[in-house]
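# Structural description and commentary
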Amino acid sequence: MIFRVFFAIFLVAVAINCSARSTGKIIVSNEKSSTLTILDSDGVVLNTIDTCARPRGMHFNADRTQFFVGCADDSIIAIYDVKTLELVGRILNVEEPETFDLHPNGIHLYVSNEEDATATLFDIESGELLGEFETGEEPEGVQITANGKLVFVASEAADLVHVIDVEAQQVVADIPVDVRPRRFALTPGDKELWVSAELAGIVNIIDVETLEMIGDIPFLPTGFRKEQVTPVDIVMTRDGSRAYVALGRANHVAVVDVKSRKVLNYLLVGNRPWGLALTHDESRLFVANGLSDDISIIDLDSQRVLKSIPVGQVPYGILIDDY
């Protein structure tokens, strides 16, 4: 009897803890309308929140109780509570933030400053600027290795990937890539860095150990010219078997076999897909369609779009709070 009571209490405690950790919310930043759209896991719009001007990149904090929103026209990073969606803080004087990544230490945020040709390092607890690194013009994508040793920053206008050594706190390499690099994905074990080259219509692949280019993947959905294929965001499954690439003006998402580097399928979505986010169970892919002002939800087993949901103007980034 005592065991049964204890076990029941344990199950209730686990259920409460799981509920507290995950709200099931999908959060979309809308760049032009300066709003956040909040959806449930089925894509039903729950709320629209006015936020700071020109919100783009977003990221959870380490325990996923808060999320950060970079607002370029206000030069701040707003901090929201995930459960209540209340504004709980601001990091000030962040010049035109576009995207950012959180270091594994959970404290240091590396930020691309689009109009300033720099990447900056902030302490999220104090809001203090800890470092600044020169980049080429229009830096965007930021990616930190899982071991926290390297930070990669894409410079769109300079066609470079800058490599920051975290311990040395300096740029140690500038890797030439194809035209207009935008975003990154790392394969498991940080072996390969995938870089979308928007105006080249390809993904470049860099060996992380040697920091040399070792391959590329071209894209060309049926019915589109090469110049219409403008890849931006990349996400990869945790086991590194599949990658998904948003193809911009080609209005498709590419499904890629990572090992063979072959395109398996092209999935038609909305107008100019930019941002991507996988659910934690990797059964669905959410796609931000920047010029049709909606979100596509893709079932990855059947590889078909389940629905499209209108959001704000020019949706940019997506966060999913599902674990």
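Residues numbered from 1 in each chain as written. Predicted model: local features only at pLDDT ≥ 70, side-chain atom pairs only at ≥ 80, totals over all residues. Heavy atoms only, no water.

With six of six residues buried, strand β24 (residues 273-278) lies mostly within the body of the structure. Relative to strand β25 (residues 284-289), β24 runs antiparallel, the two sharing five bridges. Bridge pairing in β25 links L276 to V287. Two successive antiparallel strands, β24 and β25, enclose a turn made up of five residues, where E282 displays a positive phi of approximately 60°. (Buried < 20%, exposed > 50% of the residue type's maximum accessible area, 1.4 Å probe, protein only. Helix = DSSP H or I, 4+ residues; strand = E, 2+ residues; numbered from the N terminus. Pairing = 2+ DSSP bridges.)

According to the stated counting rule, one finds 16 salt bridges in the structure shown. One salt bridge in this structure joins E98 and R56, with 3.5 Å as the shortest N-O distance. One end of the pair, E98, is in strand β8 (residues 97-102); the other, R56, is in strand β4 (residues 55-60), with 42 residues separating them in the sequence. Given a relative accessible area of 3%, E98 falls into the buried group. R56 sits in the buried class, given a relative accessible area of 1%. Its salt-bridge partner being E140, residue R183 comes within 2.6 Å of it at the nearest N-O pair. Of this pair, R183 sits in strand β16 (residues 181-186) while E140 sits in strand β12 (residues 139-144); the two residues are 43 residues apart in sequence, bridging distant segments of the chain. The same class applies to R183 as to E140, namely buried. When salt bridges with common partners are traced through the structure, they connect E138, E140, E156, R180, R182, R183, E198, D233 and R272 into a single cluster. (Salt bridge = Lys/Arg side-chain N within 4 Å of Asp/Glu carboxyl O.)

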